[in-house]
Amino acid sequence: MMNQVNDDYRFRYKIAKSLELISNDCLSIQEREKRLPLVELSENRPLLVLLTWVASKRTQAFKYVDVYLEKGFDVLIVSTTTWQMYFPGTGIVATSSALADFLNDNQSYQPLVIHALSVGCYVWSFTEEQIMKNQDKYESTIERLKGYMCDSPPVGTVANMLSHLYFKKDNIFRVIAEPLLYVPILLSYFFFLQIYGTRT
């Protein structure tokens, strides 16, 4: 059954808190102090970066993984939690930074293809922003990017996106709760700007 295939992959490795690498081949990983691990590849191979929707179930996300593994890709899953959406200044920025650095450090992964689903499009936009602001550093990553699919991108504010997760459209609690969702988001941005806003 499709739901049980998740345990059959030959290789699964947690690169960072929100990044997991999956392959049909047993890969060699070089651990590095205070840096993300390096995947040791003898030759170039394609990588599909799958940015999933908020709180996606593994059985759902792995249906996409199966398709790309069958096509010969390794797959890097980028997951997003509700907590990261609440505090994008720390949660999503940290994930985007880790993703950009992993792609840049592992240059044998080429070509790179991005498949972003729902909020994953939002997360990828943070990664793109970091890459474009540091084009000299990420030049090789830019050159290796060959495809981008933005599937069902969210529309509206972060608070609006989160409210859809918990409340039905006509639920009175959604009318009351949605404005309250802005509070931690605004506090997060304020905190983030205090740390980074004055830097050039």
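Just so it is clear, the structure is predicted and the values come from calculations on it, not from any experiment.

1. What about the overall build of the protein chain?
Argument step 1. The number of helices and strands found in the protein chain is eight helices and eight strands.
Argument step 2. Per-residue burial over the protein chain gives 45% buried out of 200 residues.
Argument step 3. As displayed, the protein chain has an accessible area near 11,400 Å², and 56% of this comes from carbon and sulfur atoms.

2. With respect to the side chain of Thr127
Argument step 1. Note on placement: Thr127 falls in helix H4 (residues 119-133).
Argument step 2. Not counting the four nearest positions on each side in its chain, Thr127 is found in contact with Ser96, Leu99 and Ala100.

3. Some words on the nonpolar core
As a rule of thumb, nonpolar side chains are buried together in soluble globular proteins.
Argument step 1. Counting residues in hydrophobic clusters, the biggest one holds 33 residues, and the most contacted among them are Leu21, Leu47, Leu51, Leu99, Phe102 and Tyr109.
Argument step 2. Of all the elements, H4 adds the most residues to this core, at seven residues.
Argument step 3. For Leu47, the residues in contact, after removing those within four places along its chain, are Leu21, Phe73, Asp74, Val75, Leu76, Phe102, Leu103, Tyr109, Pro111, Leu112 and Val113.
Argument step 4. Judged by nonpolar contacts, the second largest core, of 13 residues, contains Tyr9, Ile22, Tyr68 and Val75.

4. Observations concerning the pattern of salt bridges
Argument step 1. Counted under the stated rule, the structure contains seven salt bridges.
Argument step 2. Arg45 is paired through a salt bridge with Asp74; the nearest N and O atoms lie 3.0 Å apart. With a gap of 29 residues between them, Arg45 in strand S5 (residues 45-54) and Asp74 in strand S6 (residues 74-80) connect regions that are remote in the sequence. There is no split in this pair, since Arg45 and Asp74 are both buried.
Argument step 3. For Glu129, the salt bridge goes to Lys133, with nearest N and O atoms at 3.3 Å. In this pair, Glu129 and Lys133 both sit in helix H4, four residues apart, roughly one turn of the helix.
Argument step 4. We classify Glu129 as partly exposed; its relative accessible area is 40%.
Argument step 5. Taken together, the salt bridges that share partners define one network made up of Asp25, Arg45 and Asp74.

Rules used throughout
Residues numbered from 1 in each chain as written. Predicted model: local features only at pLDDT ≥ 70, side-chain atom pairs only at ≥ 80, totals over all residues. Heavy atoms only, no water. Helix = DSSP H or I, 4+ residues; strand = E, 2+ residues; numbered from the N terminus. Buried < 20%, exposed > 50% of the residue type's maximum accessible area, 1.4 Å probe, protein only. Areas by Shrake-Rupley, 256 points an atom, 1.4 Å probe, with all protein chains shown as cover. Contact = heavy atoms within 4.5 Å. Core = buried A, V, L, I, M, F, W, Y, C linked by side-chain atoms within 4.5 Å. Salt bridge = Lys/Arg side-chain N within 4 Å of Asp/Glu carboxyl O.

Purely geometric numbers; function is a separate question.
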